[in-house]
Amino acid sequence: MNDDATVAEPSSAGHARHGLDTTEAERRLARDGANELPRGERRGLLARTLAVLAEPMFLLLGTAAALYVVLGDIGEALVLAASVAAVIGITLRQADKSQKALDALRDLSAPQASVLRDGARLRIDARRLVVGDVLALDEGDRVPADARLLDATQLGVDESLLTGEALPAPKHVGTTTSDALAAPTRADHVYWGTLVAHGHALAEVVATGARTQAGRIGASLVRTATPRSPLQREIDRAVIAFAAIGLALCALVAGLYVALRGGWIDALLAGITLAIANVPEEFPVVLTVFLALGAWRLAREHVLTRRMPAIETLGAITVLCVDKTGTLTENRMRVAALRCGASAWDLASGAPIGAPLDDLLARAALACRVDPTDPMERAIVEAAPSPADARERTRVREYPLTPALFARTQVWRAPGGLDGACSGAPEAVADLCRLAPERRARLLADVAALARQGLRVIAVGALEHPASLPLPERQDELAFVEAGLVAFADPLRNGVTGAVAQARAAGVEVIMLTGDFAETAEAIARQAGIDVGDGALGGAAIAACDDTQLADTIARRRVFARVTPQHKLRLVEALRARGEVVAMTGDGVNDAPALKAADVGIAMGKRGTDVAREAAALVLLDDDFVSIVRGIRRGRTIHDNIVRAMRYILAVHVPIMGMALLPLLGGGPLVLWPIHIVFLELVIDPACALVFEREAAADDVMQRPPRDPRRAVLGLRLLAGSIGDGVLAFAACAIAYAIARASGCTDAGIAAAAFVALVAGNVGLIALNRGNGLWRARNRTFWIVVAGAGSALASSLALPPLARFFRFEVPPPGILALAAVLPLALLACALAVRTRAGGRTGTA
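Residues numbered from 1 in each chain as written. Predicted model: local features only at pLDDT ≥ 70, side-chain atom pairs only at ≥ 80, totals over all residues. Heavy atoms only, no water.

So, about helix 26 (residues 716-742). The end-to-end C-alpha distance of helix 26, which contains 27 residues, comes to 37 Å, matching closely the 39 Å that a straight helix rising 1.5 Å per residue would cover. Considered for burial, the residues of helix 26 that qualify are L718, G721, S722, D725, G726, A729, A732, C733, A734, A736, Y737 and A740. The inward-facing, buried residues of helix 26 contact helix 24 (625-666), helix 27 (747-770) and helix 30 (813-836). In the segment just after helix 26, G744 is the residue with positive phi, at about 85°. (Helix = DSSP H or I, 4+ residues; strand = E, 2+ residues; numbered from the N terminus. Expected span 1.5 Å × (residues − 1). Buried < 20%, exposed > 50% of the residue type's maximum accessible area, 1.4 Å probe, protein only. Contact = heavy atoms within 4.5 Å.)

Of all hydrophobic cores here, the largest spans 116 residues; its most connected members are F625 and Y648. If one sorts the elements of this core by residue count, helix 24 sits on top with 18 residues. Judged by nonpolar contacts, the second largest core, of 31 residues, contains L195, L575, V611 and A616. (Core = buried A, V, L, I, M, F, W, Y, C linked by side-chain atoms within 4.5 Å.)

A few words on unusual backbone geometry. Non-glycine residue D623 carries a positive phi angle of around 60°. A relative accessible area of 3% places D623 in the buried class. The backbone of R807 sits at a positive phi, close to 60°, despite the residue not being glycine. Looking at the secondary structure, you find R807 in the loop between helix 29 (800-806) and helix 30.

In a beta sheet, neighbouring strands pair by backbone hydrogen bonds and run either parallel or antiparallel. Strand order across the open sheet formed by eight strands is 8-22-21-20-9-17-19-18, with mixed pairing between neighbours. The open sheet is flanked by strand 8 (303-305) and strand 18 (537-538), the only strands paired with a single partner. Pairing of strand 18 with strand 19 (residues 559-561), which is carried by two bridges, proceeds in the parallel orientation. Each bridged residue has a counterpart across the sheet, and for L537 the counterpart in strand 19 is F560. (Pairing = 2+ DSSP bridges.)

A few words on the packing of helix 26 against helix 30. Running from N to C, helix 26 and helix 30 point in directions that differ by 155°, and their axes come no closer than 9 Å. With respect to helix 30, the element helix 26 is oriented roughly antiparallel. Relative to helix 30, the crossing made by helix 26 is right-handed. On helix 30, the residues touching D725, L728, A732, I735, A736, I739 and A740 of helix 26 are I815, L818, A819, L822, P823, L826, L827, A830 and R834. Residues of the contact of helix 26 with helix 30, tallied by class, amount to 14 nonpolar, no polar and two charged. (Axes fitted to C-alpha atoms, helices over the stretch in contact; angles between N-to-C directions. Parallel < 35°, antiparallel > 145°, perpendicular 65-115°, else oblique. Left-handed = near helix turned anticlockwise from the far one by under 90°. Nonpolar A, V, L, I, M, F, W, Y, C, P; charged D, E, K, R; others polar.)

Okay, here's the thing in structure tokens:
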């Protein structure tokens, strides 16, 4: 990479407005490389294979192969080794598929940057930033590269990542442009990974990737450890417990074999076989694969997963708190009504806008930022007439909106002197204009009338400040006169009404939060199908409630108006105190505490700040409420499928362990040796990782209440059901074994009959835990696994070389048919009984 690119050349004013040309940007990207810190090296195939071989099951199989070599049975050892290689191949394939899904998610979640390219403001993947790009930075943005400030308005940056200083560092445009970057930071530069706490700026990129300050310090700044989720910890404990049981049984079986039959090597093989059968190594594989592929499937529903445990929580959500603007509505504003004194205009009238309402729009445009991104400001700028002296105007100062005063002011120097305007919440503008009580009451009455139509309303004030006097530091020290009201239509998103109804049918209450007037909030809530109940509760009323009163109030209210981020946090805490599982949406810097406090924080992907996205567990890629409900449906389906797979894994080990013990206790021929366990693993692994993961949602997935998150997945109910299913399959295998033995079959014929019953029972357990989805042709993987298992089983019986390795002999046709049909018949009866009882097979 070219170190000359570390410091950019001084830029002209034209470059600051135009940015780089696309062709030049691509050339620099090819020269300097992507704007990202070095990642740790990914493990190669050999390292991943060795990691798989270190797992308990493969260590036991390796021991078994070594024992065959000691016995001199090289052929048996080679077949076992080849079979183990096939299982390893499947395991590596599953891991590779999961990794690709995670890589795709990482690409989707890559940070974005707002830049000027070819004179237009674009949003691009931050990894494609190059030296010389002009960044547009706003409050809440994570700075995507080291950059020199070209223009800044009240800019403060949190540089604690680099300096450890908690307070935002003030930033301003400097006079030097080509000095080397100083350590640790400079007031006229912003740095990769730091956070814009307030203000906005234009800045020219001077360093990217490893050449940034953070890159020089080291990648440890951004490396974080991912904590284990509750379900992962639960699975870890289960695997340890079952492994301990397996080792104990291994010792018991080996001892019994020596005591009853003699021969310590065969005893070790029998013990190893039982230990392998008892180790549920599929548990962690299932969880890894299901969560990784589940996150990928959620991304296809426009829901990006930032924290995997959120997938587990989605199905437990009981309350969904959503912003009105941009989530329930399209956030596609257009001017719908204007009020100025006795003059009025409404979009529905079809009449053109005339004076003095054109003057009101022009005044409102003066309060907008240059090249605005806010939908309301863009609507104003598009509707307003361009002033004749637009090119001669120069912005002197901006007073940004603050939590204490919901209004913004822009001051301009025009040929005739100072000019400007304020715009914002009507009550805030009324305060700035110092309206008399009677006039303020009439203004707010007009606002309420417009709000009842579902319109969003702002007020506009005209600046009256003598050019001879200096501008004050505070916005409320300026003088304004009332200019009028501008109202905007923001239509409801398609599908919102149906999604709200679907959420309520699923036991999820939808609560709407908005900064708008109560009348606007109630009108939109009724359109969306949200229960208005006792009406909208205002932010002032929330602030006046103590925690107990608020907890009582939210039981009756579903709409909250004039809400601030602090109110959101209190609402989340109050809902959680009532035992609710809360999902909360947010997009602003100050929404981060509420997003973190919620059980599932959901940030907006399009309009959300970087701070909100980093605080959230999920990110809506399309900012659409409908996607949240689809995500809840997908989350419930993922959890259901994990439970189905867990239930199957527990159940399928019961007949395997039973058929390993039964011959020893009953004095009959052994059925299972390590090669048979490997054969079964070639059925079990694809069933777990492929069949159940692809299972479609249950018909009632959105008609049942949310699950209790406190209830363990591997609880007594699931354990009892799994063991019951497994005992049923074992009973069928034991009957086939006993009948074959009573019929005078050879030891090889008895083993073959019992193994056919075991494979048939395995297939039956897959079908049983698929439940009502058994005949869904769209899950073709199930039928592929069944066909593969049947073909392999038939080959092991019909082909003499394979039959010798498996120690099989084809039993009489009647016994063979009984062994194949009996397990399926018993499990089919269990499925029929369960379906008739209305149970959901495989879900907890």
